[in-house]
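Analysis of the macromolecular model
Residues per chain, in single letters:
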Amino acid sequence: MSKTLKKIWNICSMLIVIAVVLLALLLFAGRFIGLDVYTILSGSMEPQYTTGSLLYVKKPDLSSLEAGDVITFKISGGIIVTHRIAEILPDENDPSGFYCITKGDANQTADANPVHSSSIIGEPVFSLPKLGFVVNYIQNPPGLYVSIAAAAFLALLMLIPDIVSISGRKKEC
């Protein structure tokens, strides 16, 4: 393999590695600084959070929440939802708790069930549009299998210049 072709090959494979590392950092770095990462699966919060966005959420200061804030919370069945607080109501059975009436920005009506403060996971800090589609694909079959195959292929691509140069040396002998 010529030196120029080998340089181009190395640059291309390095760019691919950098892209993979950046994707991994976007997915996991938030967790090291206390952010949870979720994917927006519906259009209920559009235009602020579009379907397929990767949402970074921080632990909330429950005492500072007020109507108009966006929260991420867990509902029955373990489903995670991100909606805006429309109203806050006291919990008459627990003075330290409260209920939130929530509504998606794109929804016409408020959610059917109030959200108890104990179900609130956090407040969104920022989002990355469309990246959630990639994450969901990678985390579930067949995307998981494709990702593993792509990593193996990438490793092979990085070794090809060395393999070619070794075989070229054998012919010269």
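This report concerns the structure included in the present document.

1. Quick notes on the overall build of the protein
Along the backbone of the protein there are three helices and seven strands. Starting at the N terminus and walking to the C terminus, you meet the elements of the protein as α-β-β-β-β-β-β-β-α-α. The C-alpha atoms of the protein give a radius of gyration of 24 Å, which is well past the 16 Å a tight globule of 173 residues would have. Its C-alpha atoms give the protein principal-axis dimensions of roughly 90 × 30 × 25 Å. Split by element, the accessible area of the protein, about 11100 Å² in all, is 65% carbon and sulfur. Measuring between centres, the 13 positive side-chain charges of the protein sit 26 Å from its 14 negative side-chain charges.

2. Topic: the packing of aromatic side chains
We describe a pair of aromatic rings using the distance from one ring centre to the other and the angle between the two ring planes. Applying the stated criterion across every chain yields a total of one aromatic pair. Aromatic pair Y56 and F126: ring centres 4.4 Å apart, planes at 15 degrees, arrangement stacked. Pair noted here: Y56 is in strand β2 (residues 54–58) and F126 is in strand β7 (residues 120–128), with a separation of 70 residues, a long-range link. A relative accessible area of 37% means that F126 is categorised as partly exposed.

3. Concerning the pairing of strand β4 (residues 79–90)
Across six bridges, the pairing between strand β3 (residues 70–75) and β4 is antiparallel. In the sheet register, F73 faces β4, and the bridge partner there is V81.

4. Topic: unusual backbone geometry
With an omega dihedral of 10 degrees, the bond running from E46 to P47 counts as a cis peptide bond. Looking at where P47 falls in the secondary structure, it is placed in the loop between β1 (35–39) and β2. A cis geometry characterises the amide bond from P141 onward to P142, with omega recorded as 5 degrees. Mapped onto the fold, P142 is located in the loop between α2 (131–139) and α3 (143–172). Phi at K130 takes a positive value of approximately 70 degrees, unusual for a residue other than glycine. The residue K130 is located in the loop between β7 and α2 in this model.

5. Thoughts on a nonpolar patch on the surface
Nonpolar side chains collect at one region of the surface, where I11, M14, L15, I18, V21, L22 and L25 lie side by side and expose about 660 Å² of accessible area between them. Locating L15 in the fold gives a position in helix α1 (residues 3–32).

6. Some words on the sheet that holds β2
In space, the seven strands of this open sheet follow the order β1-β2-β7-β3-β4-β5-β6, with antiparallel pairing throughout. For this open sheet the edge positions go to β1 and β6 (115–116), each flanked by a neighbour on one side alone. Where β1 meets β2, five bridges bridge the pair, whose relative direction is antiparallel. Bridge pairing in β2 places D36 opposite V57.

The rules behind the values
- Residues numbered from 1 in each chain as written.
- Predicted model: local features only at pLDDT ≥ 70, side-chain atom pairs only at ≥ 80, totals over all residues.
- Heavy atoms only, no water.
- Helix = DSSP H or I, 4+ residues; strand = E, 2+ residues; numbered from the N terminus.
- Rg over C-alpha atoms; globule rule 2.2 N^0.38 Å.
- Areas by Shrake-Rupley, 256 points an atom, 1.4 Å probe, with all protein chains shown as cover.
- Lys, Arg positive; Asp, Glu negative; His and termini not counted.
- Charge placed at Lys NZ, Arg CZ, Asp CG, Glu CD.
- Phe/Tyr/Trp six-rings, centres within 6.5 Å; stacked < 30°, edge-to-face > 60°.
- Buried < 20%, exposed > 50% of the residue type's maximum accessible area, 1.4 Å probe, protein only.
- Pairing = 2+ DSSP bridges.
- Patch = residues over 30% accessible without salt bridge, like charges linked within 9 Å, V, L, I, M, F, W, Y side chains within 5 Å.
- Salt bridge = Lys/Arg side-chain N within 4 Å of Asp/Glu carboxyl O.

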